[in-house]
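# Fold and contact review
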Amino acid sequence: MQTSIPKLPLWRSTFSTLRFKREIYVDKTELIYRIVKDDAKIFLVRPRRFGKSLLVSAMESLFAHGLRDFKGLAIEKLWTDKTYPVVHLDFSEVREFSDEAAFSKKFEEILYVGFTSAGFTTGNEPLSIVRQLARWMKDLPPSSLVVLIDEYDSPLTACLDQPELFEKVRRILSDFFLMLKSKEGCLRFFFMTGITKFSNTNIFSAFNNLRDVSLEPEYGSLLGYTEEEIRNYFAPYVEVAAKSLNVTQEEVMEQLQKNYDGFCFDSQIKTHVYCPWSVLNFFYTPHLGFENYWYASGGTPTVLMKYFGMRSLLDLDIDGNEKTISLESLGSACRYDALDPLVLLTQTGYLTMRSRSEGGYVSLDYPNKEVAMSMARLYSMELLQGKRWHQAGKLFVADSLAKGMVTESIEQINFAFNMIDYQDYPIASESACRAYLQALLMGAALLPDVERHTAQGRSDLELNAGNYHWVFELKFAKNSADIDKLLKTGEEQVKTRHYGETLHGRELIRIVMVFSSQERQFVRWQQVSS
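To keep things clear, this report deals only with the structure shown in the data block. Keep in mind that this is a model prediction, so the values were computed, not measured.

### With respect to the overall build of the protein
The secondary structure content of the protein amounts to 22 helices and 13 strands. The buried share of the protein, taken over its 530 residues, is 52%. In the form shown here, the protein has an accessible surface area of approximately 23700 Å², with 46% of it arising from carbon and sulfur atoms.

Shown next as structure tokens:
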């Protein structure tokens, strides 16, 4: 790679170091200026790996050192304020603890270090550090201190599956936030990030003037890269990737969009962004292709699994229905004991807003292929309970599908269905059968298209594998006497509705498959000629 190409800011969350090393910084400082120009208290929810820590670090540099690290950026022509003492607290540093005492000790340490850097000194009185901070802040001049808190909810999500410990940690955090509220007159600026929005921490009730900008259209692109920004800042890397993969630069952009784009944090649903972590990793090793960096970097939805368990997540996706939720729900704080999994899936980036109705509801879907494949991999692992979907002496299902092997592929699908714990995950309908098959195939690194619409109707499931395009029409038989009839009905449906016939460039394989609720597998199938 040419030395003249600016370095990628991969693994970098310290703004001053990034600028010192002249690494690429996608200039978000005009948006930052809009947030920090006035005395304000701001809250922002974003998924992991979207650059929240770098954003907080940029704010810290601006308030502590002025324009020292901002030469050539948009804010250089806008910022005229002075410098301030800055308290920067990263609560992810206290997310590992075994009990209340361990958390309390770590929390006091992080408060001591953070506030000492801003001039705080402890006294000889036998007071808790929160009470000492209250006494210190009381004597500060108005609008003289900046407090930045990153990942405020890390300690809480770490113990979501332990209600008693959660309540104790919540109480400790609440005392701190209530103290900040009581002394807010000395704050020039307060900024806090998180992945979730818990109502029972007292932060949202205490700071009644805390502004949540998480869904404000103005800040929809504050974190993450837009397509324009990728084309502008990473053009040399797009060129290198195109040469490495022997494709055009536009094909690189199309695959970037398909794999890493689609996240919407805009209540008007007018803007969308790419996951910066995935884009940067791709540009770092383009010869590896469009890998799944979301899953590889800890893509298990820990927050959700700790509280709901994987079974509840499966229930969300198995019904096959479109997911909708009110915008009010997405923007509201919720009690930890009344969490809505759809809200958390959206806040953590596993679902995103796709469209909005007049009634204030939004439809939700996976943002891109990378996230969809990550969730499917989790579904598949849970469905198969850690067992490998592979029979000795057989090809992997992805390989048999790529070779156009009908009987072999269906036998392997049945092999996987037979490993599912039916007591926990009953397949009681055609839609459930389709959803499980979709999850299993996606877990095998395939990307099926569910209910593809045409002018004549909609097929159950289609996918590309190798030089073949597969069309699966699924039927669910509650009684064995219905199997032959359902098979015939499926054949007629595929023929008369011309499923798959509008596609070109691949050989078409169309299969009708009948699932028996009694035998719990696909018992009959028939290939339909073109």
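### Re the packing of aromatic side chains
In total, this model carries 33 aromatic pairs according to the counting rule given. Summarising the aromatic geometry, the rings of F234 and F283 are spaced 5.5 Å apart at their centres and angled 20° between planes, so their arrangement reads as stacked. Of this pair, F234 sits in the loop between α9 (227-233) and α10 (235-245) while F283 sits in helix α12 (residues 276-284), and the two are 49 residues apart along the sequence. No difference in accessibility class separates F234 from F283, as the two residues are buried.

### Quick word on the environment of L133
Topologically, L133 is positioned in helix α5 (residues 129-138). Using a relative accessible area of 0% as the deciding quantity, one classes L133 as buried. Setting aside chain neighbours within four positions, we find L133 in contact with L111, F115, F120, F176 and M179.

### Here we look at the sheet that holds strand β3 (residues 145-150)
Read across the open sheet, the five strands follow the order β2-β3-β4-β1-β5; overall the sheet is parallel. Sheet topology places β2 (86-90) and β5 (211-212) at the edges, where each strand pairs with a single neighbour. When strand β1 (residues 40-45) meets strand β4 (residues 187-194), the two strands line up parallel, connected through six bridges. Along β4, the bridge assignment pairs L44 with T193. Contacts between helix α3 (residues 52-65) and the sheet are confined to β1, β2, β3 and β4, with β4 contributing the most and set at about 170° to the helix. On the sheet, helix α7 (residues 163-182) packs against β2, β3 and β4 and is oriented at approximately 155° with respect to β3.

### Topic: the packing of α5 against α7
Between two packed helices, both the angle of their axes relative to each other and the distance between the axes serve to describe the pair. Close contact between α5 and α7 brings their axes to 10 Å; oriented N to C, the two are set at 10°. With respect to α7, the axis of α5 lies roughly parallel. Contacts from V130, L133, A134 and M137 of α5 reach α7 at D175, F176, M179 and L180.

### Thoughts on the packing of helix α4 (residues 100-116) against α5
At their nearest, the axes of α4 and α5 sit 10 Å apart, and the two run at 25° to each other. Considered as vectors, α4 and α5 are oriented roughly parallel to each other. Between α4 and α5 lies a crossing whose hand is left-handed. Residue-level contacts link E108, L111, Y112 and F115 of α4 to I129, V130, L133, W136 and M137 of α5. Broken down by class, the residue content of the contact of α4 with α5 amounts to eight nonpolar, no polar and one charged.

### So, unusual backbone geometry
Residues other than glycine seldom take positive phi values, yet E151 does so here, at roughly 55°. Note that E151 resides in the loop between β3 and α6 (154-157). Look at E151 and you get buried, because its relative accessible area is 13%. Not every positive phi belongs to a glycine, and I269 is a case in point at roughly 55°.

### Describing the sheet that holds strand β7 (residues 352-356)
Read from one edge to the other, the open sheet built from three strands follows the order β6-β8-β7, with strand pairing classed as antiparallel. Looking at which strands have only one partner, the edges of the open sheet turn out to be β6 (323-326) and β7. Strand-to-strand twist across the sheet, computed as the mean angle between neighbouring axes with direction ignored, equals 40°. The pairing of β7 with strand β8 (residues 361-365) spans four bridges and is antiparallel. Looking across to β8, one finds that R356 is bridged to V362.

What counts, and at which threshold
Residues numbered from 1 in each chain as written. Predicted model: local features only at pLDDT ≥ 70, side-chain atom pairs only at ≥ 80, totals over all residues. Heavy atoms only, no water. Helix = DSSP H or I, 4+ residues; strand = E, 2+ residues; numbered from the N terminus. Buried < 20%, exposed > 50% of the residue type's maximum accessible area, 1.4 Å probe, protein only. Areas by Shrake-Rupley, 256 points an atom, 1.4 Å probe, with all protein chains shown as cover. Phe/Tyr/Trp six-rings, centres within 6.5 Å; stacked < 30°, edge-to-face > 60°. Contact = heavy atoms within 4.5 Å. Pairing = 2+ DSSP bridges. Axes fitted to C-alpha atoms, helices over the stretch in contact; angles between N-to-C directions. Parallel < 35°, antiparallel > 145°, perpendicular 65-115°, else oblique. Left-handed = near helix turned anticlockwise from the far one by under 90°. Nonpolar A, V, L, I, M, F, W, Y, C, P; charged D, E, K, R; others polar.

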